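# Structure assessment
Spelled out from the first residue to the last, the chains are:
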Amino acid sequence: MKRISKPLHSKRAKSIPAKEKRKDSFFESVYDVVRLIPKGRATSYGAIAEYLGTKLSARMVGWAMNAAGTAYPPVPAHRVVNRNGMLSGKHHFATPTLMADLLKSEGIKVKDDTIVNFEKVFWDPVKEPEAE
């Protein structure tokens, strides 16, 4: 897959009103990055924000993840955690354990809602922009 281009504009966004265009374009860009995360790997909100050139927008990436359930194609939101590997978004899944269950099904160890050895599982989109 090729690296997502900057700035965060898309052809689809041109037909959306200006206020919605910024939100939609950013959310779609986040989803495009999350879809690149290989199975068995995870990344952080901040790493995605940095990759998109908006380093201070980690919280906005979190908002995008909260809305990812309606995105098409599907977004593997379970692979996005906080900077310490904690499953901070688990409350936005259908059940309290679904996020951990999905990570475990990909071979990622989770203990006390935190990825074990997160530094080894961590996928940095800046350094590894293409899926395996």
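Residues numbered from 1 in each chain as written. Predicted model: local features only at pLDDT ≥ 70, side-chain atom pairs only at ≥ 80, totals over all residues. Heavy atoms only, no water.

### Regarding unusual backbone geometry
Rule in force here: Every helix listed is a DSSP run of H or I at least four residues long, and every strand listed is a run of E at least two residues long, numbered separately from the N terminus.
Note the cis peptide between Tyr72 and Pro73, where omega equals -5°. Counting through the fold element by element, Pro73 comes out in the loop between α3 (58–66) and β2 (80–81). A positive phi angle, near 50°, is found at Asp112, a position not held by glycine. One can find Asp112 in the loop between β3 (110–111) and β4 (114–115). The backbone of Asp113 sits at a positive phi, close to 60°, despite the residue not being glycine.

### Points about helix α4 (residues 98–105)
For the record, the criterion: Summary of the burial criterion: residues with accessible area below 20% of their type's maximum are buried, those above 50% are exposed, and those between are partly exposed, where the area comes from a 1.4 Å probe applied to protein chains only. Of all possible arcs, the one meant is that of the directions from the helix axis to the C-beta atoms. Every residue pair with non-hydrogen atoms within 4.5 Å of one another is taken to be in contact.
Listing the buried residues of α4 in full gives Met99, Ala100 and Leu103. Taken down its axis, α4 places every buried residue within 95° of arc, on the same side. Where α4 is buried, its residues contact β2, β3 and β4. Once α4 ends, the next one or two residues include Gly107, with phi positive near 90°.

### Considerations on the pattern of salt bridges
Filter applied, for reference: Basic side-chain nitrogens of Lys or Arg form a salt bridge, by our definition, when they fall within 4 Å of a carboxyl oxygen of Asp or Glu.
Inspection of every chain in the model, using the stated rule, returns four salt bridges. Taking the shortest distance from any N to any O, the salt bridge between Arg35 and Asp32 comes out at 3.2 Å. Salt-bridge contacts for Glu128 lead to Arg41; the nearest nitrogen and oxygen are separated by 2.9 Å. Residue Glu128 is found in the segment after α5 (118–121), and its partner Arg41 is found in the loop between α1 (18–34) and β1 (43–44); the two are separated by 87 residues along the sequence. A relative accessible area of 13% means that Arg41 is categorised as buried.

### Section: the environment of Met86
Mapping Met86 onto the fold places it in the loop between β2 and α4. Placed 27 residues apart in sequence, Met86 and Asp113 show a C-alpha to C-alpha distance of 5.9 Å. Ignoring anything within four residues of it in the chain, the contact list for Met86 reads Val81, Asp113 and Thr114.

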